[in-house]
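Here's the letter readout for the chains.
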Amino acid sequence: MTDYKQIAYKYKAYIAVGVLLLMILGIFLVGGKPDAPVETATISDDDGRAVIVINYHKIDNIFHSLSIGTADFEKQMQWLKNHGYNSITPDQLYEFVANGAELPENPILITFDDGYVDNYRNAYPIMKKYGFIGTVFVVTGYLETYPQYMTWNQAREMKENGFYIESHTVTHKSMTEASDSQILDELIKSRETIKEKLGTDANYFAYPTGTYNLHIAHLAQDAGYKAAFTIKYDAV
């Protein structure tokens, strides 16, 4: 069993600066400005090995604070490919942080929040073109409910091609504005839905709007999650 207190002590320097927060649950990360279309954070270990985490929301050509243009997204993926970056999974990141596991050269975790349909239509084929995989944190109650979000068949196809489909709650409710029962309902039901629809366990969670506290982290752990992601508000 992982000793989370020992991990937190090992990475206390990063807790202080807010880049990587390792508490009871395990991993809390991702960074950027509020509502920025691209958010990043860098995670390092004692040997100086670093992992870049990128977070996107929408990949399309509409004028929206959460959007990045499709052509711009492709340029970014091409740049990463040309500079030797290798995409990794949340499992690989977790094992790196918790157990010091080896990672490929120039590792990068590419993530998407909410589960917009353009993640499937636009981002997914571009990432396949450059040999990248990613992680999509989906709001399970939105899939097949609103047209701007993916279908479960689309999510399944992405999963079958190496992408991770993880939880971003059922309704995108801020955890700090919810009661314990509401929090657990969001955590557990979203995880159960992913299991039902895709046949896999959702072990990772992204806090809506990045809001959380240590009590909420305990609840996430109780709900079965290995690690959770938040955001660091800063310039990128």
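Residues numbered from 1 in each chain as written. Predicted model: local features only at pLDDT ≥ 70, side-chain atom pairs only at ≥ 80, totals over all residues. Heavy atoms only, no water.

Asks: How should I be thinking about the side chain of His168 in this particular structure?
Replies: The topology assignment puts His168 in the loop between β8 (164-167) and α7 (180-198). Here His168 falls in the buried class, since its relative accessible area comes to 1%. Looking at His168, its side chain comes within polar contact range of the side chain of His172, at 3.3 Å. Within polar-contact distance, the side chain of His168 engages the backbone oxygen of Ala206 at 2.6 Å. Setting aside residues up to four positions removed in sequence, His168 forms contacts with Asp113, Asp114, Phe137, Val138, Val139, Phe205, Ala206, Tyr207 and Pro208. (Helix = DSSP H or I, 4+ residues; strand = E, 2+ residues; numbered from the N terminus. Buried < 20%, exposed > 50% of the residue type's maximum accessible area, 1.4 Å probe, protein only. Polar contact = N/O pair within 3.5 Å; in protein donor to acceptor, adjacent residues only side chain to side chain. Contact = heavy atoms within 4.5 Å.)

Asks: What am I meant to see in unusual backbone geometry here?
Replies: Excluding glycine, residues mostly carry a negative phi; peptide bonds, for their part, are mostly trans. Despite not being glycine, Asp114 shows a phi value in the positive range, around 95°. Relative to the helices and strands, Asp114 is located in strand β6 (residues 107-114).

Asks: Would you mind going over the packing of helix α6 (residues 152-160) against α7 with me for this structure?
Replies: Each pair of packed helices gets described by two things: the angle between the helix axes and the distance between those axes. Interaxial distance between α6 and α7 falls to 10 Å at its minimum, and their mutual angle equals 75°. When the axes of α6 and α7 are compared, the pair comes out roughly perpendicular. Mapping the contact onto sequence places Trp152, Ala155, Arg156 and Lys159 in α6 and Thr193, Ile194, Lys197 and Leu198 in α7. Tallied by class, the residues present in the contact of α6 with α7 amount to 4 nonpolar, 1 polar and 3 charged. (Axes fitted to C-alpha atoms, helices over the stretch in contact; angles between N-to-C directions. Parallel < 35°, antiparallel > 145°, perpendicular 65-115°, else oblique. Nonpolar A, V, L, I, M, F, W, Y, C, P; charged D, E, K, R; others polar.)

Asks: So what exactly am I meant to see when it comes to the environment of Phe205 here?
Replies: Structurally, Phe205 can be placed in strand β9 (residues 204-206). Look at Phe205 and you get buried, because its relative accessible area is 0%. Residues Phe205 and His168, spaced 37 residues apart in sequence, show a C-alpha to C-alpha distance of 5.8 Å. Contacts of Phe205, omitting those with residues within four sequence positions, involve Phe137, Ser167, His168, Thr169, Met175, Leu187, Tyr225, Ala227, Ala228 and Phe229.

Asks: How should I be thinking about the pattern of salt bridges in this particular structure?
Replies: In a structure, side chains of opposite charge can pair up when their charged atoms sit close to one another. For the coordinates displayed, the defined rule picks out 6 salt bridges. Taking the shortest distance from any N to any O, the salt bridge between Glu74 and Lys129 comes out at 2.6 Å. On the criterion of sequence distance, the pair formed by Glu74 in helix α3 (residues 70-82) and Lys129 in helix α5 (residues 117-129) is long-range, its members being 55 residues apart. Three or more residues joined by partner-sharing salt bridges are found here, namely Lys58, Asp60 and Asp118. (Salt bridge = Lys/Arg side-chain N within 4 Å of Asp/Glu carboxyl O.)

Asks: I tried to follow the nonpolar core on my own but got confused; where do I start?
Replies: Side chains that are nonpolar tend, in soluble globular proteins, to be buried together. Core analysis: the biggest nonpolar cluster contains 49 residues, and Tyr56, Phe73, Met77, Phe112 and Tyr207 have the highest contact counts within it. When residues of this core are traced back to their parent elements, those giving at least two are β2 (50-56), α3, β6, α5, β7 (135-138), α6, α7 and α8 (214-222). Per-element accounting of this core gives the leading share, 5 residues, to α5. With residues near it in sequence (within four places) discarded, Phe73 still touches Tyr56, Ile59, Ile68, Phe112, Ala123, Ile126 and Met127. (Core = buried A, V, L, I, M, F, W, Y, C linked by side-chain atoms within 4.5 Å.)

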